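# Structural overview
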Amino acid sequence: MMDLAPYLLLAGLEGLVMASVLMLTALGLSLVFGVMRVVNVAHGEFYMLGAVGAWACAQFVPGHPALAFCVALVVAPLLVGMLAYLADWAILKRINYDPEGTIVSTIGMLYIIQQLTLMSFGPDARAVDAPFYYTIRTPWFGYSSYKLFTVVMALVLVAGLWVMLKRSKWGLVMRATQFDRETAQNFGIPVNRVYSIVFAIGAMLAAIGGVLVVPNQQAHYLMGGDPLLLSFVVVIVGGLGSIPGTIAAAILIGMSDGLLSVFFSPTAAKIFSTLLVAFVLVFKPEGLFGRSNRV
Amino acid sequence: MTLHNGKLLALCVVTVIVLFVLQFVLPPYLTLALTRILILSVFAMGYNMLMGYTGLLSLGHAMFFAAGLYAAGLSTYYWGVTLPVAFLLGIIGAFAVSLVIGLLALRTQAVSFMIVTLMFAQAGYLMTLQFTSITGGDQGLTLPTDARSFGLFGFVVDMTSDTARFNLALLIFTVVLGVLFAITQGPLGRLFVAVRENEPRTQMLGFDTYAIKLTAFTVSGTISGTAGALYGLMFGYIGSSFAGFQNSIEALLYTLIGGPGTLLGPLLGTAVMTMLIDRLSGITTAYLIVIGVLLIVVNLWFPKGILGTIRDRWLGWLK
């Protein structure tokens, strides 16, 4: 069994990196569902736009890759957030956030974003340089320090989001809207603006995930599918709209998907994930970790 | 049995006659296109049964189309069964899959129902890729030449002949249209609509709404699978792409455009959309963008579709 140790360590590390990016994208989806009670099927496309944005920054910002990376980390999420804000204003507000209509509309958005990226960015996968290269040595293999930096970044951002939600006035407003929309409105909370901002923040979290992941994985116009699926798994297993549940599920799913993909085929891992979502929704709709939710 | 809605029946008969005559008028290229439209509109009619009449929005009907396609295609590919038997196996396969998925998915509602059907369909799609050694995966399988024709009552029907294909597709289309007319315009159809309009009230009146929904779901899935079986056997090709998400979305879009909850809406929607997509795919590779734009636009401004709008404005019997 000695031979298994390096594999397990590698799979564990990869799982950790995956879990941290997944935590960001899934929290975006969870926040949108929690506050607005709608499912955003175009969430994976915001992630893809973040990755493509990081590639574009790498092309246009001269000098060290770290500079382009820092610019991308600010500019890409901001642009994606603006796009989401616009989409919310132009489409979702007009159908009054009808749950089924929102799914149909965001599927439409998925196709539009994907095809516009295909027309402009092209069909090829494109690599982006990591902001720094330093390999951490283990007795068996070298491991990219950038990947571990991703984990730290994700943790910092999630902690920031947590503090914002629990301590700031805006967090209070969001939680009030989530708890009871009508009462919140009666207390003078601009519910419509909260919705737009939450939708934008959700998209920005996905875009940050895309920026962080692109030095490890190339940018491609179809790359949004997998994170969308896995975010779904996380959000549904963790309990719709529950943030601690989402974080716990992201770690569980990220780790297990890494392990499953190492030991089985990636397709088998995905079959497992999709069936997990379906069966949890059928038999335990409040999620595996969540308490039963107010809907 | 009393005849409900004679006007609609007359319109259906006229539609079938017009379709039959079209093959003598249209150039071969368009007859072939019309064959595809007929089969895909059977798919959309199955979808409409659930989405339009019963009000359950599924995002996974490609799963039933593919169940019919693979059950029919694989049985003739590996066991060499004759095409009519394969077709029947396709229908049975789709029936079995839709019954099992229906039993599970109907425990959920609204958004959860959409996600559950989507996830089951994705799992099905991924399985066609996982078992590539059997299904041929993305590349798919081309049916051998001896599975391209069959004898029935002394006639030999050749699946490579455009005329045979068109008339067979029209025959199946007509049968399905007849079955759906009987269901939707009769008492069962009223129950479907009752569930769509107000499920708790239907329940209060003493009906088992779970059973009603399961019936609608199974009928819908079986008809979608019938279209799949027909498509696979007729064009001699089965592949993973038919099980993919886009196929589910196309059925949704055809139904939305034509008019959900109208008997002939899916035919109209399929015809409009396939002609549009055909034209556009000649111009740009990114033609899917049109599907995206239409999903949003129809949902925003035109939720009743073409025939649904006509029904609400002028012809109340068009349902």
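So, a few notes on the structure that sits alongside this text.

The rules behind each value
Along each chain, residues carry numbers from 1 onward, in the same order as the chain's sequence is written. Working convention: letters from A go to chains and numbers from 1 go to ligands, in the order in which they are written. Under the rules for a predicted model, residues below a pLDDT of 70 receive no local features and side-chain atom pairs below 80 are neither given nor counted, while totals for whole chains, interfaces and linings still include all residues. Side-chain measures were taken over the full set of non-hydrogen atoms in the model, leaving aside hydrogen atoms and water. Secondary structure elements follow DSSP: runs of H or I of four or more residues count as helices, runs of E of two or more count as strands, with numbering from the N terminus. Radius of gyration means the value over C-alpha atoms here, while the globule rule gives 2.2 Å times the residue count to the 0.38 power. The classification of residues rests on relative accessible area computed with a 1.4 Å probe and restricted to protein chains. Under 20% of the type maximum is buried, over 50% is exposed, and intermediate values are partly exposed. Only heavy atoms matter for contacts: two residues are in contact if any of them lie within 4.5 Å across the pair. To measure how exposed things are, a 1.4 Å probe is used in the Shrake-Rupley method; for residues, cover is taken only from the protein chains shown. For the purpose of counting charges, residues Lys and Arg are taken to be positive, whereas Asp and Glu are taken to be negative. His and the chain ends are not included. In plain terms, the charge of a residue is placed at NZ if it is Lys, CZ if Arg, CG if Asp and CD if Glu. Angles run from 0 to 180 degrees between N-to-C directions of axes, and those axes are lines fitted to C-alpha atoms, restricted for helices to the stretch in contact. Throughout this description, any angle smaller than 35 degrees is read as roughly parallel, any larger than 145 degrees as roughly antiparallel, any in the 65 to 115 degree range as roughly perpendicular, and the remainder as oblique. All residues other than Ala, Val, Leu, Ile, Met, Phe, Trp, Tyr, Cys, Pro, Asp, Glu, Lys and Arg, Gly among them, are scored as polar; the first ten of these are nonpolar and the last four charged. Each cavity reported here is a set of points on a 1 Å grid over the protein atoms alone in which a 1.4 Å probe fits but cannot get out, each pocket an open set with protein on both sides within 12 Å along at least five of seven lines, and each lining residue one with an atom within 4 Å of a point. Grid points are joined across faces, edges and corners, and a volume is the space filled by probe spheres set on the points. Here, a salt bridge means any side-chain nitrogen of Lys or Arg that lies within 4 Å of a carboxyl oxygen of Asp or Glu.

### Quick notes on the overall build of chain B
The secondary structure content of chain B amounts to 14 helices and four strands. Over its C-alpha atoms chain B spans a radius of gyration of 19 Å, differing by no more than 12% from the 20 Å that the globule rule assigns to 319 residues. In chain B, which comprises 319 residues, the proportion classed as buried is 57%. Of the contacts made within chain B by residues no fewer than 6 positions apart, 77% connect residues no fewer than 24 positions apart. Accessible surface, chain B: about 13300 Å² in total, of which carbon and sulfur atoms supply 69%.

### Some details on the overall build of chain A
Secondary structure assignment for chain A yields eleven helices and two strands. Reading chain A from its N end, one meets helices and strands in the order α-α-α-α-β-β-α-α-α-α-α-α-α. A compact globule built from 295 residues should have a C-alpha radius of gyration of about 19 Å, and chain A, at 19 Å, falls within 12% of that. Referenced to the eigenvectors of the C-alpha coordinate spread, the extents of chain A come out at roughly 60 × 45 × 35 Å. Considering only contacts in chain A between residues 6 or more positions apart, those separated by 24 or more positions represent 77%. Accessible surface for chain A amounts to roughly 13000 Å². Of this, 68% is attributable to carbon and sulfur atoms. If you average the places of the 16 positive and of the 13 negative side-chain charges in chain A, the two averages end up 11 Å apart.

### Examining the packing of helix H7 (residues 162-184) of chain B against helix H10 (residues 209-235) of chain B
A pair of packed helices can be characterised by two numbers: the angle between their axes and the separation between those axes. Residue and element names in this part refer to chain B. Where H7 contacts H10, the two axes come as close as 11 Å, and the packing angle between them is 175°. One finds that H7 runs roughly antiparallel with respect to H10. When H7 is examined against H10, the residues Arg-165, Leu-168, Ala-169, Ile-172, Val-176, Leu-180 and Ile-183 are found in contact with a partner set consisting of Val-219, Ile-223, Thr-226, Leu-230, Met-234 and Phe-235. Classifying every residue of the contact of H7 with H10 by side-chain character gives eleven nonpolar, one polar and one charged.

### Quick word on empty space enclosed by the protein
Counted by the stated rule, this structure contains two cavities of 30 Å³ or more. If you go around the largest cavity, the residues you meet are Val-233, Ile-253, Ser-256, Asp-257, Leu-260, Phe-272, Ser-273 and Leu-276 of chain A. Those elements giving two or more residues to the lining of the largest cavity turn out to be helix H10 (243-263) and helix H11 (266-283) of chain A. Looking at the lining of the largest cavity element by element, the count peaks at four residues for H10 of chain A. For the lining of the largest cavity, the per-class residue count stands at five nonpolar, two polar and one charged. Of the volumes computed, that of the second largest cavity is approximately 30 Å³. At the level of elements, helix H2 (28-53) and H7 of chain B are the ones that each hand at least two residues to the lining of the second largest cavity. If one sorts the elements of the lining of the second largest cavity by residue count, H2 of chain B sits on top with four residues. When grouped by side-chain class, the residues that make up the lining of the second largest cavity number six nonpolar, two polar and no charged.

### Considerations on the pattern of salt bridges
All names here are of chain B. Applying the stated criterion to the full structure yields eight salt bridges over all chains. Its salt-bridge partner being Lys-304, residue Asp-312 comes within 3.1 Å of it at the nearest N-O pair. The exposure class of Asp-312 is partly exposed, given its relative accessible area of 44%. Several salt bridges share partner residues, and in doing so they unite Lys-304, Arg-311 and Asp-312 into one network.

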